[in-house]
Amino acid sequence: MNQIANKSYLQSQEQLACFHCGEDCESGPVYLSQKPFCCEGCRTVYAILNEHDLCDYYALNEIAGISQKGKSKQAYAFLEAEDVIQRLIDFQDEERTKVRFYLPQIHCSSCLWLLENLHRINPGIHQGRVDFLKKELSLSFSHSRISLRAVVELLAQIGYPPHINFNDLDDTQKPLIDKTLYYKIGLAGFAFGNIMLLSFPEYLGINASSDSTLVQFFGYLNILLILPVVLYSGQDYWRSAWQGLKQRHLNIDVPVTLGILALFVRSVYEILSHSGAGYLDSLAGLIFFLLVGKWFQTSTYSKISFDRDYKSYFPIACTLKDGNQERSLTLDKVKKGDQLIIRHGELIPADAILIDGEAAIDYSFVSGESEPVNTSIGQQLYAGGKQTGGTLIVEVSKAVSNSYLTQLWNEDAFDKGQAKGEVSALADRVAQFFTIFILSVALVTLVYWLPRDVAQAVNAFTAVLIIACPCAVALSIPFTFGNLVRLLAKRNIYFKNIQVIEALTKINHVVFDKTGTITQSKNAKLTYEGRPLQKKWQGMIKSLVYHSSHPLSRRIFEFLDAVEIVELDQFEEVKGQGISGRVFGQLIRIGSVEFIAGEVAKSGLRQQSMVEINGQFIGTFIYHGSYRPGLKNILAQFKRWAKVSLLSGDNDHERSRLTPLFGDAKQLHFQQKPAQKLAYIKSLQEKGQKVAMIGDGLNDAGALRQSEVGIVITENTSNFTPACDIIMDARHFDELPKLFALANKALWIVCFTYFIAFLYNIIGLSYAVQGDLSPVVAAILMPLSSVTIVLIGVG
């Protein structure tokens, strides 16, 4: 509370500023704890925060609150209707509900802090997370302790009523550019044009003494025009600079704000003292061009914001049930009413109703709970759940929610916790160094010129502060790396974030999985060796593998094409080993040597996918792998600058074929279980090596997560792979080395843009310190420098 006591608010003889929102208490203040409030609404919000010891909200920002004056209390009774609740929520189980709200009132760090501490107001709320750019709040709460209606009413009570519009409920994307930016640009442009018009006599060299009264009137009019520009259009720069100074951090807006202040004070002084016309046209132009530059940066950034939607992070097809046929369907084509087939281990791509099968859904990606949830026919299944039982048929009840599936990809549970890359850290250091350097040069310039020419001193001082803004340095990485991610996404190669690019440049050891990664199902050959397969056995085998999404299971299913499938009594899969189930009451098992017992040791058969029925060994399906085109060339390119290894769960019968490709038999490791793959990656890292693991995402999750860069090669599968960093369409497998080459090229471009920014600032400063560069020209050049960096990055 000591911090609250130190909070300053305006006070005059007639009016006080509201402690909550800072607005004038025009009709007389209402008090609570000796603090003035402009209305009952603001006082109520303060009372709630004070009761729950959340008044640090006011310490973070002096005018943190949102005015409640004139706001009517909304009725939220409609949020008790079950159909409305189902349309709004993202996920719900027996205890927990997840929902996202668009809160246009979010504007500062205080908002973020309060909304992420809602659990301190109501313990029924588990967690809140704010996406500041999208102005979205993701909430997880216990619906047995607090209802959805009560959550919304609480948000409205503290000044953040959610924007709920049922007309566009299924399309909840919000514009990334705040409309207030357009208002600020419009106001600044209007003032800039009119101030220039009123300054025409000065431009034409007309003697002010010929009509001093008119000149003074125009000067006062210019002051009136510039005030809303400085106070409203330029408020983001004031706020940002003040927040940085409060945290003892010199951000890039500090020199810009000082330039605005210097121009404003000097101009107002000249006009009021009748010693000159001031530089208000330059000031209005400065803010106008700064805002135009900001608009360009924001709009471009939003367009190349790494295509963060479900098509980017889930380049996978689901299986559509079309009558008695099955066909692959990309997620962007899934619509309400479609019937989908979900096999064991597959992700549910959209909210759906279960219409057939026994659902045992793992919602750990969504709720953190790993215990499977059994769901009955007719009940709701939520996007992001993974089926751990047999095959399901579901009917889509809500279109694929791109932002929600993206949220799954970005869950903290799958964050590898990578430290900020060296280049990103360098950008932070460079930006801070620039700010200190700019301030020093500006002060030296001011001290030098003041004794000689005051007007020249102000011009030179402000020009230095404006021309040398380090915005270009801050923009280089997001625009360059972001554009690369955008371009790769068009080729079905999807990066989790731009930090992955930096990680790629440091890799010195590339590890490959075998089945499904360097081998392909297309052109591959499958044979069977063992006892003759009776038709009944074939039907049992096909019915079992139908429920598995493993590439070998899919090949066996196609191999037994003429046989019809029947319903299973049960299904179970042991990851990396095999599958089992009951058909007609008989137990059938298909898998590896560790999984299958019986007569395997005596058979002498090559062991790949062995079949056992009721404890009796039947035979083996042998997969003759067909390597992906260009594998030899890919490995040759990697071996020029990195070590290459192979980790395979299969036996070593293909060692002789792979040794010439990898060049060293010691780098080939067969019969590796998932835990052994993970241990191998750790052993390489303990030796100081930076590892890229390339797998198919099925049995490689641990290794993919542990590696510096995990790359999943996907080929018509709907397995969710949250542990990876890059998802790559198998059709572009031959472009793997290009990813690393492009990452290094992008890094070179960033360094080049740093050099361009440095050169630009040296040239600009050389003119600015001499007073040969007017502030308005500097204001034009500064955003142009940022545009140059953007064009280099996206070119």
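Residues numbered from 1 in each chain as written. Predicted model: local features only at pLDDT ≥ 70, side-chain atom pairs only at ≥ 80, totals over all residues. Heavy atoms only, no water.

Asks: What should I look at first to understand the overall build of the chain in this one?
Replies: The secondary structure content of the chain amounts to 27 helices and 28 strands. Across the 795 residues of the chain, 52% fall into the buried class. Taking the intrachain contacts of the chain between residues at least 6 apart in sequence as the baseline, contacts between residues at least 24 apart amount to 66%. (Helix = DSSP H or I, 4+ residues; strand = E, 2+ residues; numbered from the N terminus. Buried < 20%, exposed > 50% of the residue type's maximum accessible area, 1.4 Å probe, protein only. Contact = heavy atoms within 4.5 Å.)

Asks: Whenever I open this one, the confidence of the model for the chain confuses me. Can you help?
Replies: If pLDDT is low for a region, its predicted coordinates should not be looked at in detail. For the chain, the average pLDDT comes to 75, and 73% of its residues sit at 70 or higher. For residues 1–14, every residue scores under 50 in pLDDT, and the model assigns this stretch 21 contacts once sequence neighbours within four places are set aside. Note that residues 166–177 has pLDDT below 50 and, in this model, 21 contacts with residues that lie over four places away or in other chains. (pLDDT = per-residue confidence, 0-100.)

Asks: How should I be thinking about the pairing of strand β21 (residues 586–591) in this particular structure?
Replies: Every other side chain in a regular strand lies on the same face of the sheet, so the side chains alternate between the two faces. A large share of β21 lies buried, amounting to five of its six residues. Sheet analysis places strand β20 (residues 578–583) next to β21, joined by six bridges and oriented antiparallel. Within β21, the residue paired with R582 across the bridge is L587. Between the end of β20 and the start of β21, which pair antiparallel, lie two residues, with F584 showing a positive phi angle near 55°. Where β21 lies against strand β22 (residues 609–613), four bridges are found, and the strand directions are antiparallel. (Pairing = 2+ DSSP bridges.)

Asks: What am I meant to see in the sheet that holds strand β3 (residues 89–92) here?
Replies: Hydrogen bonds between backbone atoms are what pair the strands of a sheet, whose relative direction is either parallel or antiparallel. An order of β3-β4-β6-β5 is seen for the four strands of this open sheet, with the pairing classed as antiparallel. Across the chains shown, the open sheet's two edge strands, defined by having one partner strand only, are β3 and β5 (125–131). Strand after strand, the sheet turns through a mean of 15° between neighbouring axes, direction not considered. Relative to strand β4 (residues 96–102), β3 runs antiparallel, the two sharing three bridges. Paired with Q92 across the strands is T97, a residue of β4. (Axes fitted to C-alpha atoms, helices over the stretch in contact; angles between N-to-C directions.)

Asks: Looking at this model, I keep getting lost on helix α23 (residues 655–662). Mind explaining?
Replies: The α-helix winds at 3.6 residues per turn, so residues separated by three or four positions along the chain end up facing the same way. Three or more residues of α23 are buried, namely L658, L661 and F662. Taken end-on, α23 shows its buried residues confined to a sector of 85°, consistent with a single buried face. Looking at α23, the residues exposed on the side facing more than 90 degrees away from the buried face are S656 and P660. Trailing α23 by a residue or two, G663 shows a phi angle of about 85°, which is positive. (Arc of directions from axis to C-beta.)

Asks: Whenever I open this one, the packing of helix α19 (residues 535–545) against helix α20 (residues 551–559) confuses me. Can you help?
Replies: Helix-helix packing is described using two parameters, namely the angle between the two axes and the distance between the axes. Close contact between α19 and α20 brings their axes to 9 Å; oriented N to C, the two are set at 145°. By crossing handedness, the relation of α19 to α20 is classed as left-handed. In contact with I541, K542 and V545 of α19, α20 contributes S553, R554, I556 and F557. Of the residues belonging to the contact of α19 with α20, the class tally is four nonpolar, one polar and two charged. (Left-handed = near helix turned anticlockwise from the far one by under 90°. Nonpolar A, V, L, I, M, F, W, Y, C, P; charged D, E, K, R; others polar.)

Asks: Please clarify how the sheet that holds strand β12 (residues 373–375) should be interpreted in this entry.
Replies: Spatially, β12-β11-β14 is the arrangement adopted by the three strands of the open sheet, whose pairing is antiparallel. Looking at strand neighbours, the two that pair on one side only are β12 and β14 (386–387), the edges of this open sheet.

Asks: Before we go on, may I ask you to explain the nonpolar core in this structure?
Replies: Looking at soluble globular proteins, one finds that nonpolar side chains tend to be buried together. Counting residues in each nonpolar core, the largest one holds 65 residues, and the members touching the most others are F101, L115, L118, L139, I158 and L381. Each residue touching L381, except ones within four places of it in the same chain, is listed here: I348, A350, D351, A352, L354, A359, I361, Y363, T375, L392 and V394. If you look at the next biggest cluster of nonpolar residues, it comprises 44 residues, including F512, L635, A642 and F740. (Core = buried A, V, L, I, M, F, W, Y, C linked by side-chain atoms within 4.5 Å.)

Asks: Would you take a moment to explain the pairing of strand β10 (residues 352–356) for this structure?
Replies: Of the pairings in the sheet, the one linking β10 to strand β13 (residues 380–381) comprises two bridges and is antiparallel in character. Bridged to A352 within β13 is L381. Here β10 runs beside strand β15 (residues 392–396); their pairing, made up of four bridges, is antiparallel. Across the sheet, residue I353 finds its bridge partner in β15, namely E395.

Asks: When you look at the packing of aromatic side chains in this model, what are you seeing that I'm missing?
Replies: The geometry of an aromatic ring pair is captured by the separation of the ring centres together with the interplanar angle, meaning the angle of the planes. Scanning the model with the defined rule gives 12 aromatic pairs in all. Taking 5.8 Å as the distance between ring centres and 80° as the angle between the ring planes, the aromatic pair formed by F559 and F621 counts as edge-to-face. A residue pair is termed long-range when its members are at least 10 positions apart, and F559 in helix α20 and F621 in strand β23 (residues 616–627) qualify at 62 residues. By relative accessible area, which is 39% here, F559 ends up partly exposed. F621 gets classed as buried once you look at its relative accessible area, which sits at 1%. (Phe/Tyr/Trp six-rings, centres within 6.5 Å; stacked < 30°, edge-to-face > 60°.)

Asks: Explain α19 to me, please; I cannot follow it from the model alone.
Replies: The buried fraction of α19 amounts to eight of the 11 residues, a majority that puts the element mostly inside the structure. All of the buried residues in α19 are W537, G539, M540, I541, K542, S543, L544 and V545.

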